[in-house]
Amino acid sequence: MPELPEVEVVRRGLASWVAGRRIERADVVDPRSVRRHLLGPEDFSGQLEGALVLDAVRRGKYLWMPLADPDDDRADPGYAPHTALLAHLGMSGQLLVEDSSQPDEKHLKVRLRLSDSPDLPAELRFVDQRIFGGLAVVPLAPTHDGGAGGRAEIPFALVPAEVAHIGRDPLDPLFNPDAFHTSLRARRTGIKRALLDQTLVSGIGNIYADEALWGARLHYARPTETLRRPETARLVYAVRDVMDRALAAGGTSFDSLYVNVNGASGYFSRSLDAYGRVGLPCRRCSQEGRPGVIVREPFMNRSSYRCTVCQPVPRNARW
């Protein structure tokens, strides 16, 4: 499943390639991919046709494009859009910009014909092999804290209701490390379980949790109530560092189905320090002369990767 850096790469592509263009036509090829739009495919298409895409916004792994109706007075200083096209990529969803002359992808689900723009492809396509993702036109509501809904070019203080419960992610300018530390200690659970709780902090999935915990030298079962403030600060730094490096590389791209908005895959998987390196020497321990080895252990029907030396099992571990 795409994680925060992958979705942010897609957001940036949408902001560059799609924002500022009008949706001239919306074709639903497979109604299952708009099942979250409760009024059905015809209403979905009707709400999109003629709408102007204002921006692309991301909070955690959720992505939406605020829409302006043709009759909206966007010159009003207090203008705010009322609806957005909400996208969830699920396990294999892709948002691709393509020329209309390009053949349809095998798993094309929705096609949006965009207004002409010099040197830009004419279509935005939603492609999804496993059909866990989807699109919907949803209303926007004010954010709880009055800040921007998420990472965006235009800081509308709006968020889809479906996303309002999602916590801010570590790359969000409004993410509060002190409040995160307080909430983390109150959770009384294992640190990795807390990192995967999207209501506490969003956008961290299994891969980046393992990488950040390795960077912070913390075992995934460390009880959150025992974390000291410097340790939380070290963890936040590690999360941000691994995500920034992943963004620079375009994402991990473990799944061949994941590509960004123009079809290019990421390469960060070549730089991972823990995830997927079972049986290999820990790079940090090797540099510091210790015999650490990366091991793989079962965790919540998935796996966790850690070093046997610099991420030792804590006392009173919360598995």
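These notes cover the structure that comes with them. Just so we're clear, the structure is a prediction, and the values are computed from it rather than from any experiment.

Turning our eyes to something else, we now look at the environment of Ala 136. The topology assignment puts Ala 136 in strand β9 (residues 134–142). We classify Ala 136 as buried; its relative accessible area is 4%. Aside from chain neighbours lying at most four places away, what touches Ala 136 is Arg 36, His 37, Phe 44, Ala 84, Leu 85 and Leu 86.

Helix α6 (residues 229–249) packs onto helix α5 (residues 206–216) with a crossing angle of 125° between their chain directions and a minimal axis gap of 8 Å. When the interaxial angle is binned, α5 and α6 end up oblique. Handedness of the α5/α6 crossing: right-handed. Residues Tyr 208, Glu 211, Ala 212, Leu 213, Gly 215 and Ala 216 of α5 lie in contact with α6, whose contacting residues are Arg 234, Leu 235, Ala 238, Val 239, Val 242 and Ala 246. For the contact of α5 with α6, a count of residues per class yields nine nonpolar, one polar and two charged.

Strands sit in the order β1-β7-β8-β6 across an open sheet of four strands; the sheet is antiparallel. Sheet topology places β1 (23–28) and β6 (94–98) at the edges, where each strand pairs with a single neighbour. Averaged over all pairs of adjacent strands, the angle between their axes in this sheet comes to 20°, without regard to strand direction. Pairing between strand β7 (residues 108–114) and strand β8 (residues 123–127): five bridges, direction antiparallel. Along β8, the bridge assignment pairs Val 110 with Phe 126. Seen against the sheet, helix α2 (residues 41–48) touches β1 and β7 and runs at an angle of roughly 165° to β1.

All told, the structure shown has 28 salt bridges when counted by the stated rule. Taking the shortest distance from any N to any O, the salt bridge between Glu 8 and Arg 11 comes out at 3.1 Å. Placement of both Glu 8 and Arg 11 in helix α1 (residues 4–17) is noted, with a separation of three residues, approximately one turn of the helix. For the pair formed by Glu 8 and Arg 11, the shared burial category is buried. Lys 192 is the partner of Asp 210 in a salt bridge, and the nearest nitrogen-oxygen pair spans 2.8 Å. Taken together, the positions of Asp 210 in helix α5 and Lys 192 in helix α4 (residues 191–195) put the pair 18 residues apart, joining distant regions of the chain. Accessibility assignment for this pair places Asp 210 and Lys 192 in one class, buried. Through salt bridges with shared partners, a single ionic network connects Arg 25, Asp 27, Asp 104, Glu 105, Arg 111, Glu 123 and Arg 125.

What counts and what doesn't
- Residues numbered from 1 in each chain as written.
- Predicted model: local features only at pLDDT ≥ 70, side-chain atom pairs only at ≥ 80, totals over all residues.
- Heavy atoms only, no water.
- Helix = DSSP H or I, 4+ residues; strand = E, 2+ residues; numbered from the N terminus.
- Buried < 20%, exposed > 50% of the residue type's maximum accessible area, 1.4 Å probe, protein only.
- Contact = heavy atoms within 4.5 Å.
- Axes fitted to C-alpha atoms, helices over the stretch in contact; angles between N-to-C directions.
- Parallel < 35°, antiparallel > 145°, perpendicular 65-115°, else oblique.
- Left-handed = near helix turned anticlockwise from the far one by under 90°.
- Nonpolar A, V, L, I, M, F, W, Y, C, P; charged D, E, K, R; others polar.
- Pairing = 2+ DSSP bridges.
- Salt bridge = Lys/Arg side-chain N within 4 Å of Asp/Glu carboxyl O.

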